[in-house]
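A look at the structure
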Amino acid sequence: MSIFFNGTTQYCNIANNSSLNITGAITISTWFRCNGSPGNWKYVFAKPYDGETGLYWIATNDVANTLWCGIRWGTGITQYNAATATLASVFDNNWHQVTLTSDTTSLVLHIDGVAGIPVTLGGSSIIAGTYHTTVAAYDPLGEAGAGLGLYGPFDVAEIRLYNRALSEKEVMTIYSSVGTDDIWYGIVSKWLFQGALGSTASGANSIIDLANNGNHLTPANNPSFTESILKYSRFMR
């Protein structure tokens, strides 16, 4: 299963938690689907920092059919690094697996298990933040002073967050296993967006963190459950 977010009002979030303030190596991994170009500055996942960028994120930018994923290592406007991939095929109404890894020296964007060119980081650690972490939006509560929304019109089946950089082999395993792997070492949170087909997601903390760190997501404005290609295992920490 997955959740479809309408790109205008719907999202999921969780209040700040110390486990989500990853300051060293990091991996963000997601399965998502999008029918056509979603538009500029549309977010799949983010921990906001200010009106410019998040602390870490997966999104689109202002170039058509471009994924834009990165981390922030300083407080200045330009003190972040991002990797991009311009692929119309990522927005083709098929499921794709996207992973961002950072080992504190460089970050790499992987599309369907294939690694892109490493981007050298300008700083070795991610700065800490205090705002809600969000799925399918950026700072919809206006905590970062932006209140931009930037809602993403995506189906999202899974998101994972690790406090280490997964290897290329591990990233390929997540892609090729289509949800049945057991890569748990360093896991901070894993969210599967599961519910009855056609029903709406609602209720505080109703999207459970399977890593058992208590980072449960709360849906906003009734996004709906739809199908996905994932083969779910009993992956729990």
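1. Some points on the pattern of salt bridges
This model, assessed by the stated rule, comprises 6 salt bridges. For R164, the salt bridge goes to E170, with nearest N and O atoms at 2.7 Å. A relative accessible area of 16% places R164 in the buried class. Residues participating in the shared-partner salt-bridge network are E158, R160, D181 and K190.

2. Things to note about unusual backbone geometry
With the exception of glycine, most residues fall at negative phi, and the peptide bonds are largely trans. Look at N65: it is not a glycine, yet its phi comes out positive at around 60 degrees. The phi dihedral of N221 falls on the positive side, at around 65 degrees, and the residue is not glycine. Locating N221 in the fold gives a position in the loop between β15 (218-220) and β16 (224-226).

3. Quick word on the state of the cysteines
Applying the stated criterion across every chain, the model contains 0 disulfides. Not part of a disulfide, C12 finds its nearest cysteine sulfur in C34, a span of 17 Å. C34 forms no disulfide, and the closest cysteine sulfur to it belongs to C69, at a distance of 14 Å. On the basis of relative accessible area, C34 is assigned to the buried category, the value being 2%.

Analysis parameters
- Residues numbered from 1 in each chain as written.
- Predicted model: local features only at pLDDT ≥ 70, side-chain atom pairs only at ≥ 80, totals over all residues.
- Heavy atoms only, no water.
- Salt bridge = Lys/Arg side-chain N within 4 Å of Asp/Glu carboxyl O.
- Buried < 20%, exposed > 50% of the residue type's maximum accessible area, 1.4 Å probe, protein only.
- Helix = DSSP H or I, 4+ residues; strand = E, 2+ residues; numbered from the N terminus.
- Disulfide = S-S within 2.5 Å.

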